[in-house]
Amino acid sequence: MKRIDLINWLSETDPNKVQDLYSRAYAMKVKHVGKIVYFRGIIELSNICAKNCFYCGIRKDNDHVERFQMTDEEVLESAKLAFDSGYGSIVLQSGERSDENFVAWIEQLIGQIKKMSNSQLGLTLSLGEQTRETYRRWFKAGAHRYLLRIETSNPELYQKLHPADHSHEKRLDCLKILRQEGFQVGTGVMIGLPHQTLSDLADDILFFKNFDVDMIGMGPYISHHDTPLVGLTDKTDKANNFDLSLKMIALTRLVLEDVNIASTTALQAIDPAGREKGLLAGANIIMPNITHTKYRRFYQLYDDKPCLDENALVCKSCLETRIKNIGEEIGYGKWGDSKHFKHSIQEK
Ligand code: SAH
Ligand code: SF4
């Protein structure tokens, strides 16, 4: 698909045509990855962050957030719960820190989780920009996938959304290093950011393709009341960002074909059935939140984040019903690696 076709689809308003796009993307997903949804239980380890991204509710300069860091026992308890529930893999996410205490903490946590699960639990990290040495240590400890969103493929837009010392180039470098160090690499963008155009979004999809990523995690931008960007979007943008996000999922599936695409929680923050709609538009991964409920309200990247009070087991049964209702099955006990990653390894 050419850039202009992508832009035309992103601006399409005829509901029948848009539905047709989703159906085509769904057929592409079934062809390449089947009607199986893989779960990645996400543990939000800590909201302590050294960065100041203008869109994010846990940015360093937000003094209204009580900061927390989970204990080792709590992390292991959550990981075990995921393992016992048959989730094939988990994601460790947190605010960004690169001090040695943090790096060593993660390194030993990875080891403990591997040990607890007899190396059976897949392990993805989403811990921001780090040095090659750090990525290497974490890979060696047993993590094998990494999520680092590019946020937008447009460097000028990136600069508008971050303080001057946050660099788009550095982010790109990190993605390259992660790949070189052996990780399956996931990236993604926020959809409906202030100043973002449809051409930017079309370029984002082309970026995914050119960079040859294995996994995509993207979702609507939702403002947070305590951030510098608040007020730049309004309520009507929410519905619009939701529709744009579904179109982005569908188009990404049609262009990249066999990658893993997450139907993210931010979709559910706008529409209670948002994640199912994402699956029907071509996504195949869901990331249930398995963070201890006592910490969830402190990890608010955006307003209206769902499932604040539901514990992991409630989330699991609620999700199971939702997924069965749309005729899909859950890939319990499987890592569910990106088919794309497997194909590219075989070709090497
Ligand atoms: N600190 C790590 C991981 C946590 S943030 C990192 O930045 O990579 C994970 C993702 O949350 C970010 O990449 C960003 O895309 C998303 N995010 C942050 N604020 C958001 C908002 N207001 N709306 C939607 N997504 C947001
Ligand atoms: Fe920190 Fe990540 Fe939020 Fe940026 S997006 S402020 S790095 S948690």
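In what follows, the structure referred to is the one given above.
Residues numbered from 1 in each chain as written. Chains lettered and ligands numbered in written order. Predicted model: local features only at pLDDT ≥ 70, side-chain atom pairs only at ≥ 80, totals over all residues. Heavy atoms only, no water.

**Let's talk about the overall build of the protein chain**
- Within the protein chain, the secondary structure is distributed over 14 helices and 10 strands.
- For 348 residues, the compact-globule formula gives about 20 Å, and the C-alpha radius of gyration of the protein chain, at 19 Å, lands near that figure.
- C-alpha extents for the protein chain along the principal axes are approximately 50 × 45 × 40 Å.
- The proportion of buried residues among the 348 residues of the protein chain is 59%.
- Contacts in the protein chain between residues at least 24 apart in sequence constitute 76% of all its contacts with a sequence separation of at least 6.
- Across the protein chain, the centroid of the 45 positively charged side chains sits 4 Å from that of the 47 negatively charged ones. (Helix = DSSP H or I, 4+ residues; strand = E, 2+ residues; numbered from the N terminus. Rg over C-alpha atoms; globule rule 2.2 N^0.38 Å. Buried < 20%, exposed > 50% of the residue type's maximum accessible area, 1.4 Å probe, protein only. Contact = heavy atoms within 4.5 Å. Lys, Arg positive; Asp, Glu negative; His and termini not counted. Charge placed at Lys NZ, Arg CZ, Asp CG, Glu CD.)

**What to know about helix H1 (residues 3–11)**
- Taken together, the buried positions of H1 are Leu6, Ile7, Trp9 and Leu10. Take H1 and look down its axis: the buried residues cluster within an arc of 165 degrees, on one side only. (Arc of directions from axis to C-beta.)

**Notes on the pairing of strand E5 (residues 184–187)**
- Side chains Gln184 and Gly186 of E5 all project onto a buried face; the interleaved residues Val185 and Thr187 project onto the opposite face, where all are buried too.
- Note: strand E4 (residues 145–147) against E5, three bridges, orientation parallel. Across the sheet, the residue bridging to Tyr146 is Val185, located in E5.
- As paired strands, E5 and strand E7 (residues 215–220) are joined by two bridges and run parallel to one another. Bridge pairing links Gly186 to Met215 in E7. (Pairing = 2+ DSSP bridges.)

**A look at the packing of aromatic side chains**
- The full count for this structure, using the stated rule, is 12 aromatic pairs.
- Both rings, one in Phe102 and one in Trp138, keep their centres 6.4 Å apart while their planes meet at 75 degrees; by these two values the pair is edge-to-face. Separated by 36 residues along the polypeptide, Phe102 in helix H4 (residues 100–116) and Trp138 in helix H5 (residues 132–141) bring together distant segments of the chain.
- Its relative accessible area of 1% is what places Phe102 among the buried residues.
- We classify Trp138 as buried; its relative accessible area is 0%.
- Considering the side-chain rings of Phe207 and Phe211, the 5.6 Å spacing of their centres and the 20 degrees angle between planes classify their relative orientation as stacked. A residue pair is termed a helical-turn pair when its members lie 3 or 4 positions apart in one helix, as Phe207 and Phe211 do in helix H8 (residues 198–211) at four residues. (Phe/Tyr/Trp six-rings, centres within 6.5 Å; stacked < 30°, edge-to-face > 60°.)

**What to know about the site of ligand 1**
- In the region of ligand 1, 17 residues are neighbours, and Tyr55, Ser94, Arg149, Glu151 and Ile222 sit closest.
- Contact between ligand 1 and Arg149: an oxygen atom at 2.8 Å from a side-chain N or O atom of the residue.
- Within the backbone of Leu301, one N or O atom sits 3.5 Å away from a nitrogen atom of ligand 1.
- Protein chains bury 92% of the 540 Å² of accessible surface belonging to ligand 1 in isolation.
- Considering only residue class, the shell around ligand 1 consists of nine nonpolar, five polar and three charged. (Near = heavy atom within 4 Å. Polar contact = N/O pair within 3.5 Å; in protein donor to acceptor, adjacent residues only side chain to side chain. Areas by Shrake-Rupley, 256 points an atom, 1.4 Å probe, with all protein chains shown as cover. Nonpolar A, V, L, I, M, F, W, Y, C, P; charged D, E, K, R; others polar.)

**A few points about H4**
- Taking 1.5 Å of rise per residue, the 17 residues of H4 would be expected to cover 24 Å, and the 24 Å separating its terminal C-alpha atoms lies within 8% of that figure.
- For H4, every residue scored as buried is listed here: Phe102, Val103, Trp105, Ile106, Leu109, Ile110, Ile113 and Lys114. For H4, the buried positions fall inside an angular range of 165 degrees around the axis, keeping them on one side. Facing away from the buried side of H4 by over 90 degrees, the exposed positions are Asn101 and Lys115. (Expected span 1.5 Å × (residues − 1).)

**Observations regarding the pattern of salt bridges**
- Under the definition given, this model contains 19 salt bridges.
- Overlapping salt bridges, with partners in common, bring together Lys51, Glu96, Glu129, Glu151, Lys170 and Arg171 in one network. (Salt bridge = Lys/Arg side-chain N within 4 Å of Asp/Glu carboxyl O.)

**Some thoughts on unusual backbone geometry**
- Although it is not a glycine, Ser119 sits at a positive phi angle of roughly 60 degrees.
- Assignment of secondary structure puts Ser119 in the loop between H4 and strand E3 (122–126).
- Unusually for a residue other than glycine, Asp212 sits at a positive phi of about 60 degrees.
- Looking at the element boundaries, Asp212 is found in the loop between H8 and E7.

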